[in-house]
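Reading the structure
Take a look at the letters that make up each chain.
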Amino acid sequence: MPASGLAQGPREAFPAATTIAALTTYPGFYHQRQVVVRGEASEDDRGHARLAPRGGVERGIWLRVVEGRAPQGMVEVRGHFWDVGRFAPDDPQITGVNLPAWVAERIGDRWPAQGEMLVLTVANIVEPTPPSPTPTLRQLSLDPERYEGQTITVAGLFGGRNLYGDLARAPRAGRHEFVLRAAGGAVWVTGLEPRGRGWRLNPDARVDTGQWLEVTGTVRTRDGLVWLEATKVDRTTAQAQEPPPPPPPPLAPAPPPEVIFSVPSDEDTDVPPTSPVRIQFSRDLDTETLRKRVVVTYLGREDAPIPFKARFDPSNRVLHLTFEQPFERYRTVRVELRAGILGTDGQQLEPFTLTFTTGG
């Protein structure tokens, strides 16, 4: 559902240090947030500015420069990030800043779909600081590829299991994982519990999040996520390495989970009777809430559910449904996701219905 405003919540006291890969992979998470990101700025032959990762190979984002000239070369940009397709084109907040005309100049009169046009409205541009052999959390968050595969030590505040919504999702790269955070950035830590001789922190308790930790580990990146494969976790008093983040306010809720893709697609026809069903979501789900809320029937026979087995794959947020028997031929199948299915942050998925017709 399109967003309805540009106001920034209280968690924007510091911009979120992130990467272009994270913005393009999780645009819904960063939508309407203040971010700082590094990249290579350039203009196309019509003078439209873009920001791409170093080398410009991967997909980039648009730069909306309100004042001054568009940047060139490697820069560090701070601004407000928008996934334009999440706004309605007649939203008064964006018509007030003439965004529809700006969009039309670049892609024509059609309005972009969600995830199609990602824009950073520039507030400030600086030259990137030189890389450091002992990076801070901010440097690691902005330029993780530079440290990929290296073993480093960083300090920050214990953030629990992403209790303050610093990062889009967990990498699920190890049995244990928690967030290390500071005003300048945040990363996941995997592989070790936050404990030592005489102390132990609970990843699910905010009361433990005022503790400073020093973590040594190997830098890993994947799917827009950054984490440390930890080899050592200690408590520390060396707060001088990073300024503390502001006192954690109540978080503005992230967007609720949505269905973004299904196979078969809605109203598909001539679907093979042996087909499974796959439904992909925009956010991680609390799998316990799926129980008894996923129902499959034939149209007109809603009182006779079709047996199936369900499996949720958290790596790509896909629900797989497989069936004990082939569907009856030339029947309309109805798949319902009923009210009460929740994301991992407690936000509710809007009830969803998928229908398709089987073939011979």
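Preceding this section is the structure that the text describes.
The notes below deal with the structure included here. (Residues numbered from 1 in each chain as written. Predicted model: local features only at pLDDT ≥ 70, side-chain atom pairs only at ≥ 80, totals over all residues. Heavy atoms only, no water.)

Side note on the sheet that holds strand E17 (residues 294-298)
Strand pairing in a sheet takes place through backbone hydrogen bonds and is either antiparallel or parallel in direction. To be explicit about the condition: In this analysis, strands are considered paired if DSSP registers two or more bridges between them. Labels follow the DSSP assignment, with helices taken as runs of H or I lasting at least four residues and strands as runs of E lasting at least two, numbered in each case from the N terminus. Here, axes are lines fitted to C-alpha atoms. For helices the fit covers the stretch in contact, and angles between N-to-C directions go from 0 to 180 degrees.
Pairing in this open sheet of four strands is mixed, and the strands run E15-E21-E20-E17 from one edge to the other. Two strands lie at the open edges of the sheet, namely strand E15 (268-271) and E17, each paired on one side alone. Here the average twist between neighbouring strands, direction ignored, is 25°. Judged from the six bridges that link them, strand E20 (residues 332-337) and strand E21 (residues 352-358) form a sheet pairing that is antiparallel. Opposite Val 335, over in E21, you have Leu 354 as the bridge partner.

Description of the nonpolar core
Keep this limit in mind: What we call a nonpolar core is a set of buried Ala, Val, Leu, Ile, Met, Phe, Trp, Tyr and Cys residues that are connected through their side-chain atoms within 4.5 Å. Relative accessibility thresholds used throughout: buried, under 20% of the residue-type maximum; exposed, over 50%; partly exposed, between the two (1.4 Å probe, protein chains only). Working rule for contacts: check all heavy atoms of both residues, and any pair within 4.5 Å makes them a contact.
By size, the foremost hydrophobic cluster in this structure holds 28 residues, and its most contacted members are Tyr 30, Leu 51, Leu 63, Phe 81 and Leu 120. Sequence-distant contacts of Leu 51, that is, excluding residues within four places in its chain, are made with Ile 20, Val 37, Gly 39, Glu 40, Ala 41, Gly 60, Ile 61, Leu 63, Val 75 and Val 77. Core analysis: the next-biggest nonpolar cluster, separate from the first, contains 22 residues, Val 271, Leu 319, Leu 337 and Leu 354 among them.

Overview of the packing of aromatic side chains
Put simply, the rule reads: Pairing of aromatic rings covers Phe, Tyr and Trp, the last through its six-membered ring, and needs centres within 6.5 Å; plane angles under 30 degrees mean stacked, over 60 mean edge-to-face, and all others mean tilted. Look at NZ for Lys and CZ for Arg. If either is within 6 Å of the ring centre and within 35 degrees of the ring normal, a charge sits over the ring.
A complete count under the given rule lists eight aromatic pairs for this structure. When the ring of Trp 82 is compared with that of Phe 87, the centres are 6.1 Å apart and the planes differ by 90°; the resulting orientation is edge-to-face. Overall, Trp 82 belongs to the buried group, its relative accessible area being 5%. We classify Phe 87 as buried; its relative accessible area is 1%. Here a set of aromatic residues connected by ring pairs shows up, and it is made of Phe 308, Phe 323, Phe 327 and Phe 356. Looking at Arg 331, its charged tip hangs above the ring of Tyr 298, at a distance of 5.0 Å from the centre.

Focus: helix H4 (residues 99-107)
Filter applied, for reference: What the arc measures is the spread of directions leading from the helix axis to the C-beta atoms.
Along H4, the residues that are buried comprise Leu 99, Trp 102, Val 103 and Arg 106. Seen from one end, H4 has its buried residues packed into an arc of 95°, which puts them on one side. Looking one or two residues past H4, Gly 108 carries a phi angle of roughly 95°, positive in sign.

Overview of the sheet that holds strand E18 (residues 308-313)
The four strands lie next to each other as E14-E16-E19-E18, forming an open sheet whose pairing is antiparallel. Edge positions in the sheet fall to strand E14 (259-263) and E18, since each of these pairs with one other strand and no more. Neighbour-to-neighbour, the strand axes of this sheet turn through a mean angle of 15°, independent of strand direction. Note that strand E16 (residues 277-281) and strand E19 (residues 318-323) share four bridges and pair antiparallel. The partner of Arg 278 across the bridge, within E19, is His 320.

Considerations on the environment of Pro 135
Position of Pro 135 relative to the elements: it lies in the loop between strand E6 (118-126) and helix H5 (137-142). With a relative accessible area of 0%, Pro 135 lands in the buried category. C-alpha of Pro 135 to C-alpha of Leu 180: the two residues are 45 residues apart in sequence and 14 Å apart in space.

Structural notes on unusual backbone geometry
Peptide bonds are, in most cases, trans, and in most cases residues other than glycine have a negative phi. With an omega dihedral of 0°, the bond running from Val 263 to Pro 264 counts as a cis peptide bond. Along the chain, Pro 264 falls in the loop between E14 and E15. Here the phi dihedral of Asp 270 falls at roughly 55°; this positive angle occurs in a residue that is not glycine. As for its position among the elements, Asp 270 is in strand E15.

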